[in-house]
Amino acid sequence: MSIAIVTGSSGLIGSEATKFFHAKGFDVVGIDNNMREYFFGKDGSVEWNTNQLTKTLPNFTHYSTDIRNEAEINNLFNKYGKDIEIVIHTAAQPSHDWAAKEPITDFGVNALGTLNLLEATRKFCPDAPFIFTSTNKVYGDTPNVLPLVEKEKRWEVDENHSYFEHGIDETMSIDNSKHSVFGASKVAADVMAQEYGRYFGIKTGTFRGGCLTGPAHSGAELHGFLAYLVKCIVYGKHYTIFGYKGKQVRDNIHSNDLVNCFWEFYQNPKAGAVYNIGGSRHSNCSVLEAIEIAEEFAGKKLSFSLSEQNREGDHIWWISDVRKFQNDFPNWKYEHDLRNIIKEIVEATQEKYNSETKKFAIAA
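Just so you know, these numbers come straight off a predicted model, no measurement behind them.

Once that is clear, we can look at the sheet that holds strand S12 (residues 273-277). The strands making up a sheet associate through hydrogen bonds between their backbones, and the pairing can be parallel or antiparallel. Spatial ordering of the open sheet is given by S3-S2-S1-S4-S5-S8-S12, a layout of seven strands whose pairing is parallel. Single-partner strands in this sheet number two, and they are strand S3 (60-63) and S12. Strand-to-strand, the axes of this sheet are offset by a mean angle of 15 degrees, without reference to chain direction. Taken together, the four bridges between strand S2 (residues 27-31) and S3 define a ladder with parallel strand orientation. Paired with Gly30 across the strands is His62, a residue of S3.

Attention shifts here to the pairing of strand S8 (residues 204-209). Buried residues dominate S8, accounting for six of its six residues. Side-chain alternation along S8 places Thr204, Thr206 and Arg208 on one buried face and Gly205, Phe207 and Gly209 on a second face that is also buried. With five bridges joining them, S8 and S12 adopt parallel strand pairing. Paired with Thr206 across the bridge in S12 is Val274.

Reading across from one edge, S9-S11-S13 is the order of the three strands in this open sheet, with mixed pairing throughout. In this open sheet, the two strands that pair with only one neighbour each are strand S9 (211-213) and strand S13 (284-286). The average undirected angle you get between the axes of adjacent strands in this sheet is 40 degrees.

What follows deals with the pattern of salt bridges. This structure, assessed with the given rule, holds 16 salt bridges. One salt bridge in this structure joins Glu150 and Lys247, with 2.8 Å as the shortest N-O distance. Note that Glu150 is positioned in strand S6 (residues 148-150) and Lys247 in the loop between strand S10 (238-242) and strand S11 (249-254), a separation of 97 residues in sequence. For Glu150, a relative accessible area of 35% puts it in the partly exposed group. Classification of Lys247 by relative accessible area gives buried; the value is 12%. The residue Arg323 makes a salt bridge to Asp321 at a minimum N-O spacing of 2.8 Å. The structure contains a network of salt bridges with shared partners spanning Arg154, Glu156, Arg281 and Glu289.

About the thresholds
Residues numbered from 1 in each chain as written. Predicted model: local features only at pLDDT ≥ 70, side-chain atom pairs only at ≥ 80, totals over all residues. Heavy atoms only, no water. Pairing = 2+ DSSP bridges. Helix = DSSP H or I, 4+ residues; strand = E, 2+ residues; numbered from the N terminus. Axes fitted to C-alpha atoms, helices over the stretch in contact; angles between N-to-C directions. Buried < 20%, exposed > 50% of the residue type's maximum accessible area, 1.4 Å probe, protein only. Salt bridge = Lys/Arg side-chain N within 4 Å of Asp/Glu carboxyl O.

Rendered as structure tokens:
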């Protein structure tokens, strides 16, 4: 029996990983206690995805375990032991703003939860590769000191800078910058995952993601940029852009493309590996550019306003240089570009909206 443990299994990346590894013949053990609803309210709930996975995947087992609970995590890992062939850790508190409200909860989930999982892996399945979804926020606001040029609809790094062609690589310092409380807790987890690789020899892969997105994202105002933007268009909600004139740039990677990275790493894992991963120059946009494309596919206009207040530690311009991963794993390639990603999100959101409208009409 080959077990894949996936934390945050009902979230965007976790559910994609669950379906992917299930299709590869793994028995998938999912850990998700729907803390996303606690973080973001009803919009953030992933209960719908838990139900869908449970109904459609015969070799999927769901546990609503809290990753902060060391004893429960150890019991679960002990139950499956050496049958665990891979651990994919995607569970997190992912919001800058929310973290500042409850720093202890944020650090408990992001840092302590990661440590519990790393230690359980070391104790019970030390040969299993451990994949950790970190974030580009570990670099803090250092990207904001780059020489940026304001264009009509986006900020762009100066074309003479070394990052212009391919984006930001892993040599950028994660020190001496303003991270946000969220960024700091992810730094702790990021460095600990590296240490379990370098000190204990666990095959850890740390993926510092840009904007991870896709149609399974339960987007909320505080997290899930593209998914929430599309939801506002389809549902007719007002959208607020925080800072930088809406010209801040994000690179966007489809959840399936990211999970394919995990698959490549699983087949040839390394100890203490770190990769920047995102849409790179292949798939990126400003908020204003994303609005235009989403409006095109939705056939509706977005009501939005610009706030001069940016989010603490937020990036003005971020594009991931993914060449290190591509050099280590040359078989990996993108399957989704920006327009395809947004189109999928729009279609999934419209389907959900129509289903909810139909239920409401029947109930009425």
